[in-house]
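What follows is the residue order along each chain.
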Amino acid sequence: MERIYIRDLRHSMDNSEAELNGWIQEVRKLKKISFLILRDSTGTVQVTLKPENIPDIDFITGVNRESVISVRGTVTKEGVAKSGIEVVAKSVKILNQAGTPLPLGITDPVEADFDTRLNNRFLDLRKPDKHLIFRVESSLLWGIRKFLMSNDFIEVHTPKIVAAATEGGADLFRVQYFEKNAYLNQSPQLYKEILISGGIDRVFEVGPAFRAEEHNTVRHLNEFTSVDIEMAFSDHNDAMKMLENAVRSGIQEVVDKNNESLELHGIHLKVPDVPFPRITYRDCISILEKEGQSVAFGEDFTPEQLREIGKKFPDFYFITEWPSSVRPFYTMPKPGDDEVTNSYDLQFGEKEITSGAQRVHDPELLEKRFRQKGLDPSAFEFYIKAFKYGMPPHAGWGLGLERLSMIILNLPNIREVTLFPRDRTRIVP
């Protein structure tokens, strides 16, 4: 008999046979009949054990919660279960007896502290609301992937052990690579651009990125999943259009695949309208000055300042034309105004989601930008070489999947949307 998921029982015929597998959530004995609540990754169902079907019925009271079992029985749609569906068991097989006491409760009304949850993540993920988070994240990524593939992007995979920093600076994890020093890559940026020089017009990558930043906030991780694109013969405006539509497509996929479960958990997702509003860095300064705040041109905005700006734009929006001083060497200066760049951040309220830009494609300007940033061009010869033999104009972005997931689900901590977080203090499990 083929296994049936609990969610699919509603499509089963009354009095049909079914095999279910899952975890025991609860056991109750009432006179001669026993009841158990069985849970799998799709939901719960009541299973009724009667002595005429299972002679040794008392054995079930000795089975611990969260034990794994297999049940064969008859689907009954006119039973006493609140859901209107129950399964009358014909056989129950214990596949794995759970230990006791549980280090983390599954159905307890009081939430355990974060460290206890993460230290017992295998149990934490059995909670339906926690499980749903990663279904949503999977749907979000699939929607973005489908959109990019439908727009002639190809998926690529670039090295994560590299010889030089992507963006300069010291926020790198050093690793011993045989007799050499190497680093965990901050971003696939340099390799994406080399591929553009290789004549592959549109590329995207989904993979890990590493930042050795000592921030230990609710928004930062030291390892995260980055969704990166690069597109040839394009500028920052083209890349922003691609980004807003990719985000919209991802959220549409989440709604299409998970809306019933989301509504059940009190989450009401709205698919955003495009295009998203665009506001320049200088306009942001004007907003802050009207609120009595002084901002020096060339400085990044503080969280408090972004909160003030976000009051004007409560949904998704872009901040464009960031100063050259706060952008990486590969960012294209704005023609006619070298103080700013053809760059942008995608924001949701005060929260930054994504950075992107048109890239420098002229090798002489690129080497000049290296020196302006205090970097030695010779350390990036493998990269600069790709610009000397015909590099087209190009643009792209890098999107943090966890941060976007946190924002659309309105969760307070990025670790909620990360299966096994890596931060300043946590490296296990």
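Here the structure is shown first, and the text comes after it.
What you see is a predicted model; the values in this text were computed from it and never measured.

Novice: Please set out the nonpolar core residue by residue, giving values where relevant.
Specialist: Of all hydrophobic cores here, the largest spans 47 residues; its most connected members are Phe 316, Trp 397, Leu 404 and Ile 408. Top contributing element to this core by residue count: helix α5 (residues 236-264), with 10 residues. For Phe 316, the contacting residues outside a window of four places in its chain are Val 247, Ile 251, Pro 272, Phe 276, Pro 277, Leu 346, Gln 347, Phe 348, Ile 353, Leu 404 and Ile 408.

Novice: Got a sec to walk through the layout of surface pockets? Specific residues and values, please.
Specialist: Empty pockets left among the atoms are what a rolling probe the size of a water molecule brings to light. Here the second largest pocket is characterised by a volume of approximately 1,100 Å³. What lines the second largest pocket is a set of 33 residues, among which Arg 7, Ser 41, Thr 42, Gly 43 and Ser 261 lie closest to the centre. Elements that contribute at least two residues to the lining of the second largest pocket include exactly β1 (17-30), β2 (33-40), β3 (43-49), α3 (128-150) and α5. The element that contributes the greatest number of residues to the lining of the second largest pocket is α5, accounting for 6 residues. Along the lines of polarity and charge, the residues of the lining of the second largest pocket split into 10 nonpolar, 13 polar and 10 charged.

Novice: Got a sec to walk through the sheet that holds strand β7 (residues 161-162)? Specific residues and values, please.
Specialist: The 3 strands lie next to each other as β7-β9-β8, forming an open sheet whose pairing is antiparallel. Looking at which strands have only one partner, the edges of the open sheet turn out to be β7 and β8 (174-177). As judged from the 2 bridges shared by β7 and strand β9 (residues 180-184), these two strands associate in the antiparallel manner. If you follow Ile 161 over to β9, its bridge partner there is Leu 184.

Novice: Go over a nonpolar patch on the surface with me, naming the residues and quoting the values.
Specialist: A grouping of Ile 161, Tyr 177 and Phe 178 is seen on the molecular surface, where their side chains present a nonpolar patch of about 360 Å² in accessible area. Following the sequence through the fold, Phe 178 ends up in the loop between β8 and β9. The exposed category is assigned to Phe 178, whose relative accessible area is 68%.

Novice: How would you sum up the packing of α3 against helix α10 (residues 401-408)? Please name residues and give values.
Specialist: In contact at an axis separation of 10 Å, α3 and α10 are set at 115° when each is read in the N-to-C sense. Note on packing geometry: the crossing formed by α3 with α10 is right-handed. Contact with α3, carried on its side by Val 136, Glu 137, Leu 140, Leu 141 and Ile 144, involves Leu 401, Glu 402, Leu 404, Ser 405 and Ile 408 of α10 and no other residues of that element. Looking at side-chain class alone, the contact of α3 with α10 contains 7 nonpolar, 1 polar and 2 charged residues.

Novice: Run through helix α4 (residues 189-197), naming residues and quoting values.
Specialist: All of the buried residues along α4 are Gln 189, Leu 190, Lys 192, Glu 193 and Ile 196. Looking down the long axis of α4, one finds its buried residues gathered within 160° of arc, a one-sided arrangement. Elements that come into contact with the buried residues of α4 comprise β10 (202-210), β11 (223-232), α9 (381-384) and β18 (394-400). Downstream of α4 by a residue or two, Gly 199 has a phi angle that is positive, lying close to 85°.

Novice: How would you explain the pattern of salt bridges if you had to name every residue and give the values?
Specialist: A pair can form between side chains of opposite charge whenever their charged atoms are brought close. Within the structure shown, the criterion is met by 35 salt bridges. The closest approach of N and O atoms between Asp 8 and Arg 7, which form a salt bridge, is 3.7 Å. Between Lys 29 and Asp 58 there is a salt bridge, with the nearest N and O atoms lying 3.0 Å from each other. One end of the pair, Lys 29, is in strand β1; the other, Asp 58, is in the loop between β3 and β4 (68-76), and 29 residues separate them in sequence. On the accessibility criterion, Lys 29 (42% relative accessible area) is partly exposed. A single network of salt bridges, built from pairs that share partners, joins Glu 111, Arg 117, Arg 121, Asp 124, Lys 127, Asp 129, Lys 130 and Glu 416.

Novice: Describe the packing of aromatic side chains, listing the residues and the values that go with them.
Specialist: Enumeration according to the criterion identifies 18 aromatic pairs in this entry. With 4.8 Å between their ring centres and 25° between their planes, Phe 313 and Tyr 317 make a pair best called stacked. A ring pair is formed by Phe 370 and Tyr 383, whose centres lie 6.3 Å apart and whose planes are at 85°; its orientation type is edge-to-face. One end of the pair, Phe 370, is in helix α8 (residues 363-372); the other, Tyr 383, is in helix α9, and 13 residues separate them in sequence. In this structure, Phe 370 and Tyr 383 share a single accessibility class: buried. By way of ring pairs, the aromatic residues Phe 329, Tyr 330, Phe 370, Phe 380, Tyr 383 and Phe 387 are connected into one cluster. Sitting over the face of the ring of Phe 114, Arg 117 holds its NZ or CZ atom 4.8 Å from the ring centroid.

Novice: Give me the lowdown on empty space enclosed by the protein, citing residues and values where you can.
Specialist: Here the structure, examined in full by the defined rule, presents 2 cavities of 30 Å³ or more. For the second largest cavity, the calculated volume is near 30 Å³. As for the second largest cavity, its lining consists of Lys 160, Pro 188, Glu 205, Gly 207, Pro 208, Ala 209, Ser 226 and Asp 228. Those elements that place two or more of their residues in the lining of the second largest cavity are β10 and β11. No other element matches β10, which puts 4 residues into the lining of the second largest cavity. For the lining of the second largest cavity, the class distribution of residues is 3 nonpolar, 2 polar and 3 charged.

Novice: How would you sum up the pairing of β10? Please name residues and give values.
Specialist: In terms of burial, β10 is largely enclosed, as 7 of its 9 residues are buried. Pairing geometry for β10 and β11, over 9 bridges, is antiparallel. Within the sheet, the bridge partner assigned to Glu 205 lies in β11 and is Asp 228.

Novice: So what's going on with helix α7 (residues 303-310)? Which residues, and what values?
Specialist: Taken together, the buried positions of α7 are occupied by Gln 305, Leu 306, Glu 308, Ile 309 and Gly 310. Along its buried surface, α7 packs onto α6 (281-290), β13 (316-320) and β16 (343-348).

Quick notes on the rules
- Residues numbered from 1 in each chain as written.
- Predicted model: local features only at pLDDT ≥ 70, side-chain atom pairs only at ≥ 80, totals over all residues.
- Heavy atoms only, no water.
- Core = buried A, V, L, I, M, F, W, Y, C linked by side-chain atoms within 4.5 Å.
- Buried < 20%, exposed > 50% of the residue type's maximum accessible area, 1.4 Å probe, protein only.
- Helix = DSSP H or I, 4+ residues; strand = E, 2+ residues; numbered from the N terminus.
- Contact = heavy atoms within 4.5 Å.
- 1 Å grid on protein atoms, 1.4 Å probe; cavity = no way out; pocket = protein on both sides within 12 Å on 5 of 7 lines; lining within 4 Å.
- Points joined across faces, edges and corners; volume = space filled by probe spheres on them.
- Nonpolar A, V, L, I, M, F, W, Y, C, P; charged D, E, K, R; others polar.
- Pairing = 2+ DSSP bridges.
- Patch = residues over 30% accessible without salt bridge, like charges linked within 9 Å, V, L, I, M, F, W, Y side chains within 5 Å.
- Areas by Shrake-Rupley, 256 points an atom, 1.4 Å probe, with all protein chains shown as cover.
- Salt bridge = Lys/Arg side-chain N within 4 Å of Asp/Glu carboxyl O.
- Axes fitted to C-alpha atoms, helices over the stretch in contact; angles between N-to-C directions.
- Left-handed = near helix turned anticlockwise from the far one by under 90°.
- Arc of directions from axis to C-beta.
- Phe/Tyr/Trp six-rings, centres within 6.5 Å; stacked < 30°, edge-to-face > 60°.
- Lys NZ or Arg CZ within 6 Å of the ring centre and 35° of its normal.

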